[in-house]
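Residues per chain, in single letters:
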Amino acid sequence: KSFYKFLPALQSIFSFRPRFQQHAQAKLHEAANFHQDALGVRPSVFVGVHIRRTDYQKHLKNIYKIEQVSRSYFHRAMDMLQAKHRNTALFIIVSDDLEWAKDQLIRNDVAFAGNTKVLPKDVKHPFSYSDDIGQDLALLASCNHTIMSFGTFGLWGGLLSGGDIVLPKQILGVKEGLELKEAGLLGPSTGFYLV
């Protein structure tokens, strides 16, 4: 029923190709340097923030009758983790809609480090992929903690990171949230927080 006890094994089994790991580390290093230069403070904690918006808005509305999470959710989640980590966190944004994120998440503790363009799905070649997917997932997994909206991409980024995962309360109304609840993974004792 619960795979929580297997998470350390999953984290060691699922590893990224060196080119993805190197890309993620370079992005985190670049973001930390920029943050230090701009604010005079070097972040000690990286929090991956996965924001899925484009294709998921209709999915949430039509199937689950749920609205997309708002900017206030992300700000509350960021404030919660900043308080927990004594204002030493840097939030690493990965999204399929970076324009929305750049407009809504204007903060001095945010770095937009994910790919600026997510390649569209190719229905004629559904198993083809490009490096943007591996780079963004490795970036999320390389962070210490995760804030996510919806979808398994952000969830796997969080699971592989090994830290706390902050989820919107609305996740309980979708398949992934119900699976997390059934697996016994929701609650502070497991590092999963509903905001």
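Above: the structure in question.
Residues numbered from 1 in each chain as written. Predicted model: local features only at pLDDT ≥ 70, side-chain atom pairs only at ≥ 80, totals over all residues. Heavy atoms only, no water.

A. Structural detail: the overall build of the protein. When helices and strands are counted, the protein shows eight helices and six strands. Start at the N end of the protein and walk to the C end: the helices and strands fall as α-α-β-α-α-β-α-β-α-β-α-β-α-β. Over its C-alpha trace the protein gives a radius of gyration of 16 Å, about what one expects of a compact globule, namely 16 Å for 195 residues. Taking the principal axes of its C-alpha atoms as reference, the protein extends roughly 45 × 40 × 35 Å. (Helix = DSSP H or I, 4+ residues; strand = E, 2+ residues; numbered from the N terminus. Rg over C-alpha atoms; globule rule 2.2 N^0.38 Å.)

B. Inspection of the packing of helix 6 (residues 131–141) against helix 7 (residues 152–161) at higher detail. Where helix 6 contacts helix 7, the two axes come as close as 7 Å, and the packing angle between them is 45 degrees. By the angle between their directions, the pair helix 6 and helix 7 is classed as oblique. Relative to helix 7, the crossing made by helix 6 is right-handed. Judged by residue contacts, Ile133, Asp136, Leu137, Leu140 and Ala141 of helix 6 engage Phe153, Gly154, Trp156, Gly157, Leu160 and Ser161 from helix 7. Taken together, the residues of the contact of helix 6 with helix 7 sort by class into seven nonpolar, three polar and one charged. (Axes fitted to C-alpha atoms, helices over the stretch in contact; angles between N-to-C directions. Parallel < 35°, antiparallel > 145°, perpendicular 65-115°, else oblique. Left-handed = near helix turned anticlockwise from the far one by under 90°. Contact = heavy atoms within 4.5 Å. Nonpolar A, V, L, I, M, F, W, Y, C, P; charged D, E, K, R; others polar.)

C. A look at the pairing of strand 1 (residues 45–51). Most of strand 1 is tucked away: seven of the seven residues are buried. Every second residue of strand 1 is oriented toward a common face, with Val45, Val47, Val49 and Ile51 on one face and Phe46, Gly48 and His50 on the other, all of them buried. One ladder, built from seven bridges, connects strand 1 with strand 2 (residues 89–95); its direction is parallel. Counted as the bridge partner of Phe46 is Leu90 from strand 2. In terms of strand pairing, strand 1 meets strand 4 (residues 145–148) through four bridges, oriented parallel. In the strand pairing of strand 4, Gly48 is matched with Thr146. (Buried < 20%, exposed > 50% of the residue type's maximum accessible area, 1.4 Å probe, protein only. Pairing = 2+ DSSP bridges.)

D. Fine view of the packing of helix 2 (residues 18–39) against helix 6. Between helix 2 and helix 6, the shortest axis-to-axis distance is 8 Å and the interhelical angle comes to 60 degrees. As far as their axial angle goes, helix 6 and helix 2 are oblique. The handedness of the crossing between helix 2 and helix 6 comes out as right-handed. The segment helix 2 lies against helix 6, with Arg19, Phe20, His23, Ala24, Lys27 and Leu28 engaging Asp131, Gly134, Gln135, Ala138 and Leu139. Taken together, the residues that form the contact of helix 2 with helix 6 break down as five nonpolar, three polar and three charged.

E. Layout of the pattern of salt bridges. In the structure shown here, the tally under the stated rule is eight salt bridges. Where Asp131 meets Arg19, a salt bridge forms, and the shortest distance between an N and an O atom there is 3.0 Å. Of this pair, Asp131 sits in helix 6 while Arg19 sits in helix 2, and the two are 112 residues apart along the sequence. Taking relative accessible area as the criterion, Arg19 reaches 38% and is therefore assigned partly exposed. Here Lys84 ties to Asp164 by a salt bridge, and the two come within 2.3 Å at their closest N and O atoms. In this pair, Lys84 is assigned in helix 4 (residues 71–84) and Asp164 in the loop between helix 7 and strand 5 (165–167), connecting sequence segments 80 residues apart. Where salt bridges share partners, they join Asp79, Arg107 and Asp109 into one cluster. (Salt bridge = Lys/Arg side-chain N within 4 Å of Asp/Glu carboxyl O.)

F. Spotlight on the nonpolar core. Counting residues in hydrophobic clusters, the biggest one holds 38 residues, and the most contacted among them are Phe74, Met78, Phe91, Ile93 and Ile147. Ranked by residues supplied to this core, first place goes to helix 4 with five residues. With residues near it in sequence (within four places) discarded, Phe91 still touches Val47, Val49, Met78, Leu81, Gln82, Arg107, Asp109, Val110, Ala111 and Ile147. By size, the runner-up hydrophobic cluster in this structure holds 19 residues, among which are Phe16, Leu28, Leu137 and Leu139. (Core = buried A, V, L, I, M, F, W, Y, C linked by side-chain atoms within 4.5 Å.)

G. Representation of the environment of Leu159. Secondary-structure assignment places Leu159 in helix 7. Classification of Leu159 by relative accessible area gives buried; the value is 4%. Remark: the alpha-carbon pair of Leu159 and Leu140, spanning 19 residues in sequence, is separated by 9.6 Å.

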